[in-house]
Structures are given as C-alpha cells and as structure tokens.
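Chain and residue survey
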Amino acid sequence: MEDNRKFLRYVIPAFIYFIEVISFLVLFSLFDSNVLNSFKIFLGYISKKNMLSIILTGFILSGGLGAFFCNIYHFFYSFKVLDLRKLVFDAVDKSYLKVIMNRKNLTAGEIYTGDRRISLMIDTVLWSQRRLINKKILGAEERTQTYHDHMHSLGAIIIATFFACISWLVIVSVSGCSCELAIFGHGTLWLNCGYWLFIIFWILLINGFLFAYSRLRWQLVFHRYSILLDVLKDDFGWNNKTPAEIEINSIVSA
C-alpha cells in the first residue's frame with residue numbers, strides 16, 4: 001500500500017512531466033528544423049549510452065522530481081485545505097458533537113463561518129480516535145486513503161504540467177527556432193502565433209486537470225462527511241444521547 005502511494009504521488013507526476021515535454025517537442029519539431037535537429041542530437045546522445053542504466057537512473061530520479069512537484073502542490077494546498085465545515089456544522093447542529101474552544105462551546109454558526117483548517121483538524125482527530133474501534137470507519141479507511149492519494153497525485157500532476165510548459169518554452173527558445181512555422185506545407189504562420197497555439201493547449205490541459213481535481217476533492221469531502229456524521233450519530237445513540245466532545249484551544253494556540 002505504501003508503494004502504491006509513492007507511485008501515485010511521486011512517480012506518476014514525474015512521468016507525466018517527461019511525456020508532456022517530449023510529446024510536444026516532437027510535435028513542435030515537425031514544424032521547425034532547428035528543434036528537430038536538437039531533438040535528433042539528444043536522441044543520438046541517448047543511443048550511445050547504456051539504455052538500461054539510463055532507464056533505471058531516470059526511474060530513480062523521477063521519484064525525486066515527483067517529490068519536488070508534490071511539495072510545491074502541498075504549499076498551495078495549505079492555503080485551501082479540504083472544506084469540512086459542513087460536517088462539523090451539522091454534527092454540532094444535531095447535537096452529535098460539542099466543540100469547546102477557550103472554555104466556550106462553539107455554536108454551529110461559529111463553526112460554519114470559522115477557519116476551514118479548524119474543521120479539518122476536528123475531522124482528523126475524530127477520525128483518528130474512531131478508526132480502530134468503529135467498523136464503519138475501519139471499512140472506509142482504505143477507500144478514503146485512495147481518494148487522498150489520487151487527489152494529491154492529480155494536484156502534483158497539475159504542477160508537473162505547469163513546469164512541463166515552462167521547460168518546453170525554454171528548450172524551444174534555446175534551440176534557436178526559425179521565425180516562422182510551416183502549416184501543412186502551405187503558407188506560413190509567425191512563430192509567436194505558433195507559441196500561442198501551444199500555450200493555449202497547455203492552459204486547456206491544466207484546466208482539464210483542475211476540473212478533475214475539484215471533482216475529486218468534492219467526492220472526498222462527501223465521503224468523509226457521510227461516514228463520520230453517521231458514526232457520530234451512532235455514538236450519540238449508544239452514549240445515552242451524550243454528544244462527543246473535542247477541545248481545540250490547545251490546537252489553535254499551537
């Protein structure tokens with residue numbers, strides 16, 4: 001399971017990066033001889049080396065590159081973590097949960113308008129407390145982790161796609177492209193227009209990944225919401241209608 005997580009979060013984004021850069025260099029080289037010559041020189045250099053060692057080295061290095069993409073993604077993710085305020089709001093509103101901060105019981109309204117990081121902390125603590133003693137959470141844990149792995153992998157792929165675009169622009173610029181691009185052998189198109197066509201495609205590609213990422217985030221939030229709220233409801237009934245309690249003043253002040 002740990003190997004699968006590393007593969008999804010680190011290896012796949014790095015492979016996507018290389019595939020995108022190489023694919024678009026090949027496509028661009030069809031319209032510009034300088035890029036094509038640079039690409040041939042690179043392929044010639046590769047062919048002179050031991051292919052097995054190159055593949056193994058690239059595979060090992062791809063984990064490090066993927067970790068670089070993943071760390072940048074987590075930097076941006078820290079500004080907009082999963083929004084689980086609706087879960088905590090409903091749990092408090094239905095009296096399944098009591099949230100205490102600085103010796104004061106927070107109302108459902110205060111939870112909903114508060115910092116989403118606090119709700120994420122509350123959700124994480126409740127999930128961790130019950131993961132080994134509640135069959136519903138224990139049964140849902142693997143699927144929840146899968147959601148997390150795929151979401152973070154897709155986030156790292158978005159970052160990798162952005163860097164692939166930058167790398168492609170640098171390589172094409174350094175290779176000394178000609179001033180114009182032939183289109184289907186008839187007429188020409190100025191290079192800046194060719195650049196923009198490729199950049200627009202990169203933007204569409206990134207937006208497609210962003211759409212998939214937002215859908216996956218929504219699915220994960222709904223999954224955690226439905227499981228944990230049901231667990232808190234069961235606890236409320238089993239404990240003679242006594243709500244679960246969590247105190248967060250020490251967390252907030254940390």
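Residues numbered from 1 in each chain as written. Predicted model: local features only at pLDDT ≥ 70, side-chain atom pairs only at ≥ 80, totals over all residues. Heavy atoms only, no water.

1. Details of the pattern of salt bridges
Applying the stated rule across the entire model yields 12 salt bridges. Residue Asp149 pairs with Arg9 through a salt bridge whose shortest N-O separation is 2.9 Å. Residue Asp149 is located in helix α7 (residues 135-174), and its partner Arg9 is located in helix α1 (residues 2-29); the two are separated by 140 residues in the primary sequence. Residue Asp149 is classed as buried on the basis of its relative accessible area, which comes to 2%. On the basis of relative accessibility, which here comes to 12%, the residue Arg9 falls in the buried class. Here Lys86 ties to Asp90 by a salt bridge, and the two come within 2.6 Å at their closest N and O atoms. Separated by 4 residues within a single helix, Lys86 and Asp90 lie in helix α4 (residues 85-93), roughly one turn from each other. Under the relative-accessibility criterion, Lys86 is labelled partly exposed at 41%. With a relative accessible area of 8%, Asp90 lands in the buried category. Overlapping salt bridges bring together Asp83, Arg85 and Arg116 as one network. (Salt bridge = Lys/Arg side-chain N within 4 Å of Asp/Glu carboxyl O. Helix = DSSP H or I, 4+ residues; strand = E, 2+ residues; numbered from the N terminus. Buried < 20%, exposed > 50% of the residue type's maximum accessible area, 1.4 Å probe, protein only.)

2. Quick word on helix α6 (residues 116-130)
Across its 15 residues, α6 extends 21 Å between first and last C-alpha, which sits within 8% of the 21 Å expected from 1.5 Å per residue. Residues Arg116, Ser119, Leu120, Ile122, Asp123, Leu126, Trp127 and Arg130 constitute the buried set of α6. Within α6, the buried residues cover an arc of 160 degrees as seen down the axis, which keeps them to one side. With a side-chain oxygen lying 2.9 Å from the backbone nitrogen of Arg117, the N-terminal cap of α6 falls on Asp115. (Expected span 1.5 Å × (residues − 1). Arc of directions from axis to C-beta. Polar contact = N/O pair within 3.5 Å; in protein donor to acceptor, adjacent residues only side chain to side chain.)

3. Let's talk about the packing of aromatic side chains
Applying the stated criterion to the full structure yields 13 aromatic pairs. Note on Phe68 and Phe163: the rings are 5.5 Å apart at their centroids and 65 degrees apart in plane angle, and the pair reads as edge-to-face. You can see Phe68 sitting in helix α3 (residues 51-77) and its partner Phe163 sitting in helix α7, a full 95 residues away along the chain. A network of ring pairs unites the aromatic residues Tyr17, Phe18, Phe68, Phe69, Phe162 and Phe163 as a single cluster. One Lys or Arg, Arg215, reaches over the ring of Trp218 and ends 5.8 Å from the middle of that ring. Taking NZ or CZ as reference, Arg224 lies 4.4 Å from the ring centre of Trp127, over its face. (Phe/Tyr/Trp six-rings, centres within 6.5 Å; stacked < 30°, edge-to-face > 60°. Lys NZ or Arg CZ within 6 Å of the ring centre and 35° of its normal.)

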